[in-house]
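# Examining the three-dimensional arrangement
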Amino acid sequence: KSTDTCYLTKETKEDNYTYSSIILDDSTEQGKKILLIGLNPRGEKPISEEAMEYEEAKKISPDMKHRKECKNAIEPTRRQVLTDILSKFPDIKFSELITVDIFSSRTKDSANLYKKIKNSGKPEEFIGSTNKDVIIRSINYCDIIVLAWGNIDKKLWEFVPDYRKNLLDVLNNNIGKCYRYGQTQNGSPIHPCAHRKKELKRITSEELKNSL
């Protein structure tokens, strides 16, 4: 169980792809599914491992304010997206929030990822051997897709042009269910937790092209 006790959080520990699922309501198979697409996993450990550490530490010390490294299973990004989707579509029943990442390699931040890919002779290894298939399957499977990888150096895509085209094609084929919070100066989707004016809206094909 996550520390948000009404939700069950599942998360892969594999290195070759990223995938997590928050079960919102498993009482019906008719519920809609939300997909959140991020850039890559951040931090040293998966959120689920941090949550378990948090629970164990809390048994010893109920006051956890000094343990800033301990996080709830539903961290701010997923919490923000979930809150906004449920608010935007109050009449729709959602059963699951799935999260995937364009790159499966875990880094401190997006700038660190760019540097690693730039200095690597094999940028494809940062994608993850099965990650593309997981993303494409999730895009086709889900009902609402939130593009949420935030502001990045657009030169990143020059290292993986075929991968960019694959993602662009499958997202274009599902453009009617794609949303974002707006765009940064270089066209990237605004991160859900960015401290700026933002609103979750559908994205057009032209905006999608500029976002990758």
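See the structure shown above.
Thresholds, definitions, all that
- Along each chain, residues carry numbers from 1 onward, in the same order as the chain's sequence is written.
- Thresholds applied to this predicted model are a pLDDT of at least 70 for local features of residues and 80 or more for the giving and counting of side-chain atom pairs; totals over whole chains, interfaces and linings are not thresholded and use all residues.
- Side-chain figures throughout are based on the complete set of non-hydrogen atoms in the structure, without hydrogens or water.
- The rule is short: rings of Phe, Tyr and Trp, with Trp giving its six-membered ring, pair when the centres are within 6.5 Å, and they are stacked under 30 degrees, edge-to-face over 60, tilted in between.
- Helix numbering and strand numbering both begin at the N terminus, where a helix is a DSSP run of H or I of at least 4 residues and a strand a DSSP run of E of at least 2.
- A helix is expected to span 1.5 Å multiplied by its residue count minus one.
- Contact between two residues is taken to exist if any of their heavy atoms lie within 4.5 Å; hydrogens are not considered.
- All axes here are fitted lines through C-alpha atoms, helices being fitted over the stretch that makes contact, and every angle between N-to-C directions spans 0 to 180 degrees.
- Orientation labels follow simple angle bins: below 35 degrees gives roughly parallel, above 145 gives roughly antiparallel, 65 to 115 gives roughly perpendicular, and whatever is left gives oblique.
- Here the term charged refers only to Asp, Glu, Lys and Arg, the term nonpolar to Ala, Val, Leu, Ile, Met, Phe, Trp, Tyr, Cys and Pro, and the term polar to all other amino acids, Gly among them.
- Here's how the labels work: a residue is buried when its accessible area is under 20% of the maximum for its type, exposed when over 50%, partly exposed in between, all with a 1.4 Å probe on protein chains only.
- Under the convention used here, Asp and Glu are negative, Lys and Arg are positive, and both His and the chain ends fall outside the count.
- Within this document, salt bridges are pairs made up of a side-chain nitrogen of Lys or Arg and a carboxyl oxygen of Asp or Glu, the two lying within 4 Å of each other.
- Nine residue types can take part in a nonpolar core, namely buried Ala, Val, Leu, Ile, Met, Phe, Trp, Tyr and Cys, and a core is a set of them joined through side-chain atoms within 4.5 Å.

## Considering the packing of aromatic side chains
Taken as a whole and assessed by the stated rule, the structure comprises five aromatic pairs. Summarising the aromatic geometry, the rings of F89 and Y179 are spaced 5.8 Å apart at their centres and angled 85° between planes, so their arrangement reads as edge-to-face. Highlighted residues: F89 in the loop between α2 (76–88) and β4 (94–101) and Y179 in strand β6 (residues 178–180), separated in sequence by 90 residues. In this structure an aromatic cluster arises from ring pairing among F89, F94 and Y179.

## Remarks on helix α5 (residues 161–172)
End to end, α5 covers 16 Å across 12 residues, agreeing with the expected 16 Å (1.5 Å per residue, within 8%). Lining the buried residues of α5 we find β3 (32–38), α4 (131–141), β5 (144–147), β6 and α6 (205–211).

## Some points on the packing of α4 against α5
The contact between α4 and α5 brings their axes to 10 Å, and the two run at 10°. Comparing their axes, α5 and α4 come out roughly parallel. Counting all contacts with α4, which are made through N131, K132, I135, I136, I139 and N140, the residues of α5 involved are Y163, N166, L167, V170 and L171. Across the contact of α4 with α5, the residue classes break down as seven nonpolar, three polar and one charged.

## Description of the side chain of K177
If you trace the backbone, K177 turns up in the loop between α5 and β6. D143 provides the closest opposite charge to the buried, unpaired K177, separated from it by 6.0 Å. Ignoring any residue separated from it by four or fewer positions in sequence, one finds K177 in contact with I139, N140, C142, D143, I144 and I145.

## What about the nonpolar core?
Counting 32 residues, the largest nonpolar core has I37, F103, W149 and L171 as the members making the most contacts within it. Counting residues per element, the ones that place at least two in this core are β3, β4, α3 (110–118), α4, β5 and α5. For this core, the leading source of residues is α5, giving five residues. Every residue in contact with F103, bar those within four places of it in the chain, is listed here: T18, L39, N40, P41, L113, I117, F126, I127, N131, L156, W157 and V160. In terms of nonpolar packing, the next biggest core, distinct from the first, is built from 18 residues, I34, L82, A148 and L200 among them.

So far we have only geometry, and geometry alone does not tell us how the molecule works.
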